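# Survey of secondary and tertiary structure
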Amino acid sequence: MDAIDRKILTVLQADSNISIADLADRVGLSQTPCWKRIQKLEQAGVILKRVALVSPEKIGLGLTVFVQIETADHSGPWLDKFAQTVAAMPEVMEFYRMAGDVDYMLRVVVADMAAYDGFYKKLIETIPLKNVTSRFAMERIKATTAYKVPELPRN
């Protein structure tokens, strides 16, 4: 990726609906080469997809919970089943395997405490877990989906 690709990524992360003409103008290209660069970035897996970002509160999903999970079983078959089960739960927005005293971390978004209780019960019934700790967000102070695209390394 060169500096122009990096500019394209920065602009698209801020507004993926920008017209090709406006994007090309902002990065200093004509439209066809700009479009071809976007296609190459998509084919290379740099651009994963273009989506609409939705306010969870506006659709009735006002509770964010960070769920820390510890397990006694670290076998491959257990992990495969656990990962498949958790990945299929629509309430789970993010799912990480961690280093340290917690094995897995989930970011779960639900309507309210009753909805979380239902999620929690479903989670603990699916597969044996050693410990589940839930931490409830009181306020979202920052949320972004845009990565700071690093500049080209200097040689």
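Worth saying up front: this structure is predicted, and the values here are computed from it rather than measured. (Residues numbered from 1 in each chain as written. Predicted model: local features only at pLDDT ≥ 70, side-chain atom pairs only at ≥ 80, totals over all residues. Heavy atoms only, no water.)

Glancing now at the pattern of salt bridges. Per the stated rule, a full pass over the model turns up eight salt bridges. The partner of Arg140 in a salt bridge is Glu57, and the shortest N-O contact between them spans 3.0 Å. Of the two residues, Arg140 is situated in the segment after strand S4 (131-136) and Glu57 in the loop between helix H3 (31-43) and strand S1 (63-70); the sequence distance between them amounts to 83 residues. Among the salt bridges present, the one from Asp117 reaches Lys121, with a minimum N-O distance of 3.1 Å. Of this pair, Asp117 and Lys121 both sit in helix H5 (residues 113-126), separated by four residues, roughly a single helical turn. (Salt bridge = Lys/Arg side-chain N within 4 Å of Asp/Glu carboxyl O. Helix = DSSP H or I, 4+ residues; strand = E, 2+ residues; numbered from the N terminus.)

Once that is clear, we can look at the UniProt feature "domain: HTH asnC-type" (unreviewed entry) in the chain. As recorded in UniProt, the sites labelled "domain: HTH asnC-type" (unreviewed entry) are residues 1-62. In residues 1-62, helix accounts for 53% and strand for 0%; the two terminal C-alpha atoms are 39 Å from one another. (UniProt positions renumbered as here; feature names shortened; annotations may be inferred.)

Structural remark: α-helix, 3.6 residues per turn; residues separated by three or four positions point the same way. For helix H4 (residues 76-87), spanning 12 residues, the distance from its first C-alpha to its last is 16 Å, which sits close to the expected 16 Å at 1.5 Å a residue. The inward-facing, buried residues of H4 contact S1, strand S2 (92-97), strand S3 (104-110) and H5. (Expected span 1.5 Å × (residues − 1). Contact = heavy atoms within 4.5 Å.)

With that out of the way, let us pick up the sheet that holds S2. Think of a sheet as strands paired side by side through backbone hydrogen bonds, with each pair either parallel or antiparallel. As summarised here, the arrangement of the four strands in space is S2-S3-S1-S4, forming an open sheet in which the pairing is antiparallel. Two strands lie at the open edges of the sheet, namely S2 and S4, each paired on one side alone. If you compare each strand with its neighbour and ignore which way they point, the axes differ by 20° on average. Two elements, S2 and S3, share five bridges in a ladder whose sense is antiparallel. Within S3, the residue paired with Tyr96 across the bridge is Met105. The strands that H4 touches are S1, S2 and S3; relative to S2, the one it contacts most, it runs at about 160°. (Pairing = 2+ DSSP bridges. Axes fitted to C-alpha atoms, helices over the stretch in contact; angles between N-to-C directions.)

Another point: the pairing of S3. As a general feature of sheets, a regular strand has side chains that alternate between the two faces. Counting buried positions over the seven residues of S3 gives six, a clear majority of the element. As defined by bridge partners, S1 adjoins S3 across seven bridges and the pair is classed as antiparallel. Across the sheet, residue Thr64 finds its bridge partner in S3, namely Val109. Hairpin geometry of S2 and S3 is characterised by an intervening segment of six residues between the two adjacent antiparallel strands and by a positive phi of about 110° at Gly100. (Buried < 20%, exposed > 50% of the residue type's maximum accessible area, 1.4 Å probe, protein only.)

The subject of this paragraph is the packing of helix H1 (residues 3-14) against helix H2 (residues 20-27). Running from N to C, H1 and H2 point in directions that differ by 130°, and their axes come no closer than 10 Å. If you check the angle between H1 and H2, you find them oblique. H1 and H2 meet at a crossing whose hand is right-handed. On H2, the residues that touch Ile4, Lys7, Ile8, Val11 and Leu12 of H1 are Leu23, Arg26 and Val27. Classifying every residue of the contact of H1 with H2 gives six nonpolar, no polar and two charged. (Parallel < 35°, antiparallel > 145°, perpendicular 65-115°, else oblique. Left-handed = near helix turned anticlockwise from the far one by under 90°. Nonpolar A, V, L, I, M, F, W, Y, C, P; charged D, E, K, R; others polar.)

Now for the nonpolar core. In terms of nonpolar packing, the biggest core is built from 18 residues, with Val67, Leu106, Val108 and Leu123 touching the most fellow members. For Leu123, the residues in contact, after removing those within four places along its chain, are Val67, Ile69, Phe82, Val86, Met89, Leu106, Leu129 and Val132. By size, the runner-up hydrophobic cluster in this structure holds 13 residues, among which are Leu12, Ala24, Cys34 and Val149. (Core = buried A, V, L, I, M, F, W, Y, C linked by side-chain atoms within 4.5 Å.)

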